[in-house]
Amino acid sequence: MAGLFAGALTSGLIVGALGGLVGLVPLWPRILLLVALLAVLLAFELAGRPLHNLPQARRLVPQDVIRRADVEGPLQFGFEMGTGVRTFMPTALPHALVLTVVLIGGLGPGILAGVGFGLGRALMPIARSRHRDPADWDHLLERRLRLVGRLCAVGFALAAAIVVVKQMGFA
Amino acid sequence: MIGTHPITPAIGGLVGSAVLVLALPALPLPAATLAWVVLGVAAGYSISGSP
């Protein structure tokens, strides 16, 4: 779990630092670009047809990483899982998150989003381990993957609306 | 076990976002701060099918 949060925070820091550089561009064009891109990404998510051709590693973190060493193995596995880089992405919400942090965020929001990303990644193993039958949990998730993606997309859209409205100075 | 169903965390995030939107006028700064965390949670949990 520590590795997972460390990985997510690292991603948040890097993306947030990138956002700091993009902050040199005036705010309004960045907001307009973000709203347009999020509208497209979230429309596909809500329609249940997430965009799979966006850049992603399309590789899983190998399970044997865990067995390489008592502490370092699970730490590395968690770290890589937390970064969200070496994985398959059934939704485009991580891309939407990166766009949001880069275009209207910065270092602070990047760190906050990184903490949230780590928490979101951690919810899966936590919920799975607390289920009476983890294999059954996998089945349930597989059957409801689209619904989970849609629910997350709605939550993402609401939260994105808050940060955009805040940036525009309307609230 | 409804508490640990794969959909439960997604619904929790959705409800959390809705509460933030409703509380926005009353909680100016924390709402925006928490919204960044919620964005991360939604993105992180949405790719739960892949380790």
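Residues numbered from 1 in each chain as written. Chains lettered and ligands numbered in written order. Predicted model: local features only at pLDDT ≥ 70, side-chain atom pairs only at ≥ 80, totals over all residues. Heavy atoms only, no water.

1. Focus: the overall build of chain A
Logical step 1: Along the backbone of chain A there are eight helices and zero strands.
Logical step 2: Beginning at the N terminus, the succession of helices and strands in chain A can be written as α-α-α-α-α-α-α-α.
Logical step 3: In terms of overall size, chain A behaves like a compact globule, its C-alpha atoms giving a radius of gyration of 17 Å where 171 residues would be expected to give roughly 16 Å.
Logical step 4: Taken over the C-alpha atoms alone, chain A extends approximately 50 × 35 × 30 Å along its principal axes.
Logical step 5: Within chain A, the fraction of its 171 residues that count as buried is 44%.
Logical step 6: Carbon and sulfur atoms provide 69% of the accessible area of chain A, an area that totals close to 8,500 Å².
Logical step 7: Of the side chains in chain A, 16 bear a positive and 9 a negative charge, and the two mean positions are spaced by 10 Å. (Helix = DSSP H or I, 4+ residues; strand = E, 2+ residues; numbered from the N terminus. Rg over C-alpha atoms; globule rule 2.2 N^0.38 Å. Buried < 20%, exposed > 50% of the residue type's maximum accessible area, 1.4 Å probe, protein only. Areas by Shrake-Rupley, 256 points an atom, 1.4 Å probe, with all protein chains shown as cover. Lys, Arg positive; Asp, Glu negative; His and termini not counted. Charge placed at Lys NZ, Arg CZ, Asp CG, Glu CD.)

2. Comments concerning the packing of helix H1 (residues 2-22) of chain A against helix H5 (residues 93-104) of chain A
All names here are of chain A.
Logical step 1: Contact pair H1 / H5: the axes reach a minimum separation of 6 Å and the direction vectors enclose 40°. Classified by the angle between their axes, H1 and H5 sit oblique to one another. Contacts from Val 15, Gly 16, Leu 18, Gly 19 and Val 22 of H1 reach H5 at Val 98, Val 101, Val 102 and Leu 103.
Logical step 2: Its residues assigned to classes, the contact of H1 with H5 shows seven nonpolar, two polar and no charged. (Axes fitted to C-alpha atoms, helices over the stretch in contact; angles between N-to-C directions. Parallel < 35°, antiparallel > 145°, perpendicular 65-115°, else oblique. Contact = heavy atoms within 4.5 Å. Nonpolar A, V, L, I, M, F, W, Y, C, P; charged D, E, K, R; others polar.)

3. Looking at the interface of chain B and chain A
Logical step 1: Tallying the contact residues gives 36 residues for chain B and 50 residues for chain A.
Logical step 2: Between chain B and chain A the total buried area reaches about 3,800 Å² when both faces are included, carbon and sulfur atoms providing 81% of it.
Logical step 3: Our count for the contact surface shared by chain B and chain A stands at zero salt bridges.
Logical step 4: Seen at the junction of chain B and chain A, the total is four residue pairs in polar contact (both at pLDDT 80 or more). (Buried area = accessible area lost by both parts, 1.4 Å probe. Salt bridge = Lys/Arg side-chain N within 4 Å of Asp/Glu carboxyl O. Polar contact = N/O pair within 3.5 Å; in protein donor to acceptor, adjacent residues only side chain to side chain.)

4. A short note on H5 of chain A
All names here are of chain A.
Logical step 1: Given a rise of 1.5 Å per residue, 12 residues ought to cover 16 Å, and the 16 Å separating the end C-alpha atoms of H5 matches this to within 8%.
Logical step 2: Where burial is concerned, most of H5 is hidden: 10 out of the 12 residues are buried.
Logical step 3: With its phi angle positive at about 135°, Gly 106 sits one or two positions after the end of H5. (Expected span 1.5 Å × (residues − 1).)

5. Things to note about the environment of Leu 18 of chain A
Logical step 1: Note on placement: Leu 18 of chain A falls in helix H1.
Logical step 2: Each C-alpha atom, one on Leu 18 of chain A and one on Lys 166 of chain A, is 20 Å from the other, the two residues being 148 residues apart in sequence.

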